[in-house]
Amino acid sequence: MAAPSFILSTLAQQPREGLRLPPAGTWTADRPADLGPAQPAGRLLGTQGPDQGFALHLARRFEGRLVLADGEHEHDVIAGCLGVALKRAALFGRAPLIHDLTVAFTLWGFLGSASDELVALRRPMFEAVGHDYSGQRAIADAVPNETLRLPHAEVQRRATTDWQALLGR
C-alpha cells in the first residue's frame with residue numbers, strides 16, 4: 001500500500017532536530033515578592049483555601065433566617081461570619097460547605113436565641129464590619145482553631161450552654 005503524499009519518506013525530508021536543552025535546575029524563592037513553599041501567616045493575612053468565593057453563594061441561603069438583635073444588620077453579620085466559615089474550611093484544606101457557615105452563625109448566636117452576654121460581646125464587633133476588613137479578620141481570629149475543628153453538630157449542641165468555651169473566653 002502506498003503512503004500518502006504528505007508523509008515524509010526520505011531521511012532528508014525528516015525535520016531536523018534542534019539543540020537539546022539541559023534539564024531545568026532547582027528553583028529557590030530569592031526575589032522579594034516570592035512566597036516560597038508556605039503561605040505567610042499573621043495578623044490581617046487571613047487563611048488561604050480553595051474556592052473561597054463559593055461561600056458568598058452559600059451565605060445567601062441564610063438571608064432572612066438570621067436572628068438579629070436591635071442595631072445589628074444582616075449585611076454586617078454575613079460579612080463578619082464569612083471569615084469564620086472560610087477559616088474553618090481552610091483548616092480542613094477544602095472549599096467551604098454549608099456546615100462551615102452554620103458553625104460560624106451558630107457560634108455567634110445568629111441562628112437561635114443568644115444570651116444577653118453574647119449579644120453584648122458581639123454587638124460592637126459586628127457593628128459596620130461589612131466595610132472594615134480588619135474588623136472581619138478580628139472576628140475570624142477570635143474563634144480558636146480547636147473550636148473550628150469540632151463537628152458542626154457538636155458546635156450546635158454546645159452553643160447554647162457553653163458558648164464562652166467555644167469562643168475561647
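Just so you know, these numbers come straight off a predicted model, no measurement behind them.

Participant: What's the story with the overall build of the protein chain in this structure? I'm lost.
Facilitator: A tally of regular secondary structure across the protein chain gives 8 helices and 0 strands. Counting from the amino terminus, the protein chain carries its helices and strands in the arrangement α-α-α-α-α-α-α-α. Relative to the compact-globule value of 15 Å for 169 residues, the protein chain shows a C-alpha radius of gyration of 26 Å, a clear excess of over 25%. Taken along the three principal axes of its C-alpha coordinates, the protein chain extends 90 × 45 × 30 Å.

Participant: It is not clear to me how the side chain of Asp 76 should be interpreted in this structure. Could you clarify?
Facilitator: Mapped onto the elements of the fold, Asp 76 is located in helix 2 (residues 74-91). Ignoring any residue separated from it by four or fewer positions in sequence, one finds Asp 76 in contact with Phe 126, Glu 127, Ala 128, Val 129 and Gly 130.

Participant: Explain unusual backbone geometry to me, please; I cannot follow it from the model alone.
Facilitator: A negative phi angle characterises most non-glycine residues, just as the trans form characterises most peptide bonds. The phi dihedral of Asp 51 is positive, around 50 degrees, even though this residue is not glycine. For Asp 51, the location among the structural elements is in the segment before helix 1 (54-59). Even without being glycine, Ala 128 reaches a positive phi, approximately 55 degrees. Mapped onto the elements, Ala 128 comes out in the loop between helix 4 (116-126) and helix 5 (133-141). Ala 128 sits in the partly exposed class, given a relative accessible area of 45%.

Participant: Help me out: how do you make sense of the environment of Ala 55 in this one?
Facilitator: Structurally, Ala 55 can be placed in helix 1. The exposure class of Ala 55 is buried, given its relative accessible area of 0%. With 42 residues separating them along the chain, Ala 55 and Leu 97 place their C-alpha atoms 7.3 Å apart. Other than its neighbours up to four places away in sequence, Ala 55 contacts Leu 82, Leu 86, Pro 96 and Leu 101.

Participant: Honestly, the side chain of Lys 87 in this entry has me stumped. Any pointers?
Facilitator: Structurally, the position occupied by Lys 87 is in helix 2. In this structure the side chain of Lys 87 is engaged in a polar contact, spanning 3.0 Å, whose partner is the backbone oxygen of Val 143. Beyond its immediate chain neighbours, meaning those up to four positions away, Lys 87 contacts Thr 47, Ala 140, Asp 141, Val 143, Asn 145 and Leu 148.

Participant: Which parts of the structure should I look at to understand the packing of helix 3 (residues 98-107) against helix 7 (residues 152-159)?
Facilitator: In helix packing, the relevant descriptors are the interaxial angle and the interaxial distance, both defined with respect to the helix axes. At their nearest, the axes of helix 3 and helix 7 sit 9 Å apart, and the two run at 15 degrees to each other. The angle between helix 3 and helix 7 places the two elements in the roughly parallel class. Between helix 3 and helix 7 lies a crossing of left-handed hand. Mapping the contact onto sequence places His 99, Thr 102, Val 103, Thr 106 and Leu 107 in helix 3 and His 152, Val 155, Gln 156 and Ala 159 in helix 7.

Participant: Looking at this structure, how should I read the packing of aromatic side chains?
Facilitator: Aromatic ring pairs are defined here through the distance separating the ring centres and the angle between the ring planes. All told, the structure shown has 3 aromatic pairs when counted by the stated rule. Look at Trp 108 and Phe 126: their rings are 5.5 Å apart centre to centre, the planes differ by 75 degrees, and that puts the pair in the edge-to-face class. With Trp 108 in the loop between helix 3 and helix 4 and Phe 126 in helix 4, this residue pair connects regions lying 18 residues apart in the sequence. Like Trp 108, the residue Phe 126 is buried in the burial classification. Between Phe 110 and Phe 126, the ring centres sit 5.1 Å apart and the planes meet at 75 degrees, which makes this aromatic pair edge-to-face. Taken as a pair, Phe 110 in the loop between helix 3 and helix 4 and Phe 126 in helix 4 lie far apart in primary sequence, 16 residues in all. Judged by relative accessible area, Phe 110 falls into the buried class, the value being 0%. Residue class for Phe 126 comes out buried when judged on its relative accessible area of 3%.

Rules used throughout
Within any chain, residue numbers begin from 1 and follow the written order of that chain's sequence. Where totals are concerned, whole chains, interfaces and linings use all residues; where local detail is concerned, this predicted model gives features only for residues with pLDDT of at least 70, and gives and counts side-chain atom pairs only at 80 or more. For side-chain calculations, the full set of non-hydrogen atoms in the structure is used, while hydrogens and water are omitted. Helix and strand definitions here come from DSSP, where helices need a minimum of 4 consecutive H or I residues and strands a minimum of 2 consecutive E residues; each element is numbered from the N-terminal end. Note that the radius of gyration is over C-alpha atoms, with the globule rule given as 2.2 Å times the number of residues to the power 0.38. Two residues qualify as a contact provided that any one of their heavy atoms is within 4.5 Å of a heavy atom in the partner residue. For the exposure calls, accessible area comes from a 1.4 Å probe over protein chains only, and a residue counts as buried if that area is under 20% of its type's maximum, exposed if over 50%, partly exposed in between. Under this definition, polar contacts are N or O atom pairs within 3.5 Å; protein pairs additionally need one hydrogen-donor-capable and one acceptor-capable atom, and for neighbouring residues in sequence, both atoms have to be side-chain atoms. To define axes, lines are fitted to C-alpha atoms, for helices over the stretch in contact only, and angles between the resulting N-to-C directions are given on a 0 to 180 degree scale. With respect to orientation, any angle under 35 degrees is reported as roughly parallel, any angle over 145 as roughly antiparallel, any angle of 65 to 115 as roughly perpendicular, and every other angle as oblique. Definitions for this section: a left-handed crossing has its near helix turned counterclockwise from the far helix by less than a right angle. A right-handed crossing has that turn clockwise. Each Phe, Tyr or Trp ring (for Trp, its six-membered ring) is paired with any other whose centre lies within 6.5 Å, and the angle between the two planes then decides the class: stacked below 30 degrees, edge-to-face above 60, tilted in between.

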